[in-house]
Amino acid sequence: MQRVILIEDNERMAALVASGLRAAGISADIAATASEGAAALRLSTYSAIVLDRGLPDGDGLAWLGSQRRAGNTLPCLILTARDALHDRVDGLENGADDYLAKPFPMVELVARVRALLRRPAGLVSLVASWQGLQVDPAQSSVQYGSQTLRLSEAETQVLLSLVRAGGTFLRRSQLEAAAWGLSIATTSNALDVVVYRLRTKLLKLGAPLDLVVRRGVGYALAGR
């Protein structure tokens, strides 16, 4: 399932939009502020951003501009009550890929998000690699040499985070947020199960890497 980050401070609106997207098969994490959205982007991998313009800690469009300058190329749909022509033009010229004025039919929002998700994969760098191991979140797969294995959604997100960390340890909370998002409760051993399965798959691939756990520090990929 593809995942988007929804940055919207109105709780009711955020819940309605997230519910509508999930009903259409699109997973949605919710952030109430621009700073929460930035933190979510550091923790998890998303296919698109749905962004409210009026946020408690600033203009969503200004935040998007800073993300673009930092190299974030994720497609972004701006949601706003400002529907004047100059507002729409301003949004599109400053990093937004689409613009939808409130109030809006949910079916239109879903259609617009799906259109963003259909953008050619080459426009957004998704595949991560380290030490010959490649993780492709679009295909939910991991490859080493000529061998490729399928991954579950949680396995994909955890391994993707570890590969991008390049041997640096990540905290348990970081991997849980990457695997299940910011708003989904999980059992206490859910991550342990994912780690066990990933270790098994790394062995099956013949990759010279192991997923190591250091108590009090976190999780990382390291050479066997």
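Refer to the structure printed above.
The structure presented is a predicted model; accordingly, all values stated were derived computationally and were not measured.

Trainee: Before we move on, could you go through the side chain of Ser 140 and cite the residues and values that matter?
Mentor: Take Ser 140: it is sitting in the loop between β9 (133–136) and β10 (141–144). Here Ser 140 falls in the buried class, since its relative accessible area comes to 14%. With residues near it in sequence (within four places) discarded, Ser 140 still touches Leu 149, Arg 150, Leu 151, Glu 153 and Thr 156.

Trainee: Would you mind going over unusual backbone geometry in detail, with residue names and values included?
Mentor: Here the residue pair Lys 102 and Pro 103 is connected by a cis peptide bond, since its omega of -10 degrees sits within 30 degrees of zero. Mapping Pro 103 onto the fold places it in the loop between β7 (98–101) and α5 (106–117). The phi torsion at Gln 131 lies on the positive side, around 55 degrees, for a residue other than glycine. As for its placement among the helices and strands, Gln 131 is situated in the loop between β8 (128–130) and β9.

Trainee: Summarise the nonpolar core; cite the residues concerned and give the values.
Mentor: Ranked by size, the top nonpolar core spans 29 residues in total, and within it Leu 133, Val 142, Val 158, Leu 159, Leu 162 and Leu 221 carry the most contacts. Among the elements of the structure, β9, α6 (153–165), α7 (172–180), α8 (190–205), β12 (209–214) and β13 (218–223) are those that each provide at least two residues to this core. Sequence-distant contacts of Val 158, that is, excluding residues within four places in its chain, are made with Leu 175, Ala 179, Leu 191, Val 194 and Leu 198.

Trainee: Describe the sheet that holds strand β2 (residues 26–31), listing the residues and the values that go with them.
Mentor: Taken in spatial order, the five strands of this open sheet run β2-β1-β3-β6-β7, and their pairing is parallel. Edge positions in the sheet fall to β2 and β7, since each has one partner strand and no second. Here the average twist between neighbouring strands, direction ignored, is 20 degrees. Both strand β6 (residues 76–80) and β7 contribute to a ladder of four bridges, which runs parallel. The partner of Leu 79 across the bridge, within β7, is Leu 100. With respect to the sheet, helix α3 (residues 60–69) is in contact with β1 (2–7), β3 (48–52) and β6, its orientation differing from that of β3 by roughly 150 degrees.

Here is what the cut-offs are and how they apply
Residues numbered from 1 in each chain as written. Predicted model: local features only at pLDDT ≥ 70, side-chain atom pairs only at ≥ 80, totals over all residues. Heavy atoms only, no water. Helix = DSSP H or I, 4+ residues; strand = E, 2+ residues; numbered from the N terminus. Buried < 20%, exposed > 50% of the residue type's maximum accessible area, 1.4 Å probe, protein only. Contact = heavy atoms within 4.5 Å. Core = buried A, V, L, I, M, F, W, Y, C linked by side-chain atoms within 4.5 Å. Pairing = 2+ DSSP bridges. Axes fitted to C-alpha atoms, helices over the stretch in contact; angles between N-to-C directions.

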